[in-house]
Amino acid sequence: GPGIIADRGLLGLTVGTILVGAAGINRPCVPAVYLAVFAVLVRIFGGRPFGGELGGGDMLFALLSGGTMAAAFLLTADPATQSKSRIGGMAAAAAAAGLSVLLRYRGYEADGAFYAVALVNALTPALRGLEGRLLYRIGRSA
């Protein structure tokens, strides 16, 4: 059927991500943090814009729609746009997840994940500067 392409694409994305993570090219914790923060925020706030209760968001639907998986595994895990430290990468992934939920559920933008990750990637130089001042100052002063 017509949905088979999307199913195979998601399977290929998952296998490719596992191979890239196993080879050590990117940090596997970054997509995991993005997906975890996104799922928790959707669970808590995802139902509110549509008249639901607090804590009534559909995590599975949110994770498998709107390009969330592609944003998590392709965009946030891109080594060229990540911070230098693991903590900075996880902070950027959490910020991208928060912005994704905000754009998707408050801004009613189905592809909010792509816009959120693009915004966080645009702010990566500022994050790297902040990261250098906060994390690497300790090594110089010792």
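None of these values were measured; they are calculated from a predicted model.

Conventions we followed
- Residues numbered from 1 in each chain as written.
- Predicted model: local features only at pLDDT ≥ 70, side-chain atom pairs only at ≥ 80, totals over all residues.
- Heavy atoms only, no water.
- Helix = DSSP H or I, 4+ residues; strand = E, 2+ residues; numbered from the N terminus.
- Buried < 20%, exposed > 50% of the residue type's maximum accessible area, 1.4 Å probe, protein only.
- Contact = heavy atoms within 4.5 Å.
- Areas by Shrake-Rupley, 256 points an atom, 1.4 Å probe, with all protein chains shown as cover.
- Axes fitted to C-alpha atoms, helices over the stretch in contact; angles between N-to-C directions.
- Parallel < 35°, antiparallel > 145°, perpendicular 65-115°, else oblique.
- Left-handed = near helix turned anticlockwise from the far one by under 90°.
- Nonpolar A, V, L, I, M, F, W, Y, C, P; charged D, E, K, R; others polar.
- Expected span 1.5 Å × (residues − 1).
- Phe/Tyr/Trp six-rings, centres within 6.5 Å; stacked < 30°, edge-to-face > 60°.

Participant: Please set out the overall build of the protein chain residue by residue, giving values where relevant.
Facilitator: Scanning the protein chain for helices and strands turns up eight helices and zero strands. Starting at the N terminus and ending at the C terminus, the protein chain contains elements arranged as α-α-α-α-α-α-α-α. For the protein chain, buried positions account for 34% of its 142 residues. In the protein chain, the share of contacts with a sequence separation of at least 24, taken over all contacts with a separation of at least 6, comes to 73%. As presented, the protein chain carries roughly 8300 Å² of accessible surface, and 69% of it is formed by carbon and sulfur atoms.

Participant: Describe the packing of helix H2 (residues 29-45) against helix H4 (residues 68-75), with residues and values.
Facilitator: For the pair H2 and H4, interaxial distance at closest approach is 8 Å and the crossing angle is 150°. On the basis of the axis angle, H2 is roughly antiparallel to H4. When you trace H2 past H4, the crossing you get is right-handed. Facing H2, whose interface residues are Pro 31, Tyr 34, Leu 35 and Phe 38, H4 presents Thr 68, Met 69, Ala 71, Ala 72 and Phe 73. Tallied by class, the residues present in the contact of H2 with H4 amount to eight nonpolar, one polar and no charged.

Participant: How would you sum up the environment of Gly 9? Please name residues and give values.
Facilitator: Along the polypeptide, Gly 9 turns up in helix H1 (residues 4-22). Each C-alpha atom of the pair Gly 9 and Ala 70 lies 9.8 Å from the other, and the pair is 61 residues apart in sequence.

Participant: Requested: an account of helix H5 (residues 86-106), with residues and values cited.
Facilitator: For H5, with 21 residues, the first-to-last C-alpha span of 30 Å sits near the 30 Å given by 1.5 Å per residue. Buried within H5 are the following residues: Gly 88, Gly 89, Ala 92, Ala 93, Ala 96, Ala 97, Ser 100, Val 101, Arg 104 and Tyr 105.

Participant: Go over the environment of Arg 128, please, and point to the residues and values.
Facilitator: Tracing the backbone shows Arg 128 in helix H7 (residues 124-135). Exposure remark for Arg 128: the relative accessible area of 31% places this residue in the partly exposed category. Here the alpha-carbon distance between Arg 128 and Gly 89, two residues 39 residues apart in the chain, equals 9.8 Å.

Participant: For the packing of aromatic side chains, give the residues involved together with the corresponding values.
Facilitator: Within this structure, the stated rule accounts for one aromatic pair. Between the aromatic rings of Tyr 34 and Phe 38, the centroid separation amounts to 6.1 Å while the plane-to-plane angle is 10°, which identifies the pairing as stacked. In this pair, Tyr 34 and Phe 38 both sit in helix H2, four residues apart, roughly one turn of the helix. Considered together, Tyr 34 and Phe 38 belong to a single accessibility category, that of buried residues.

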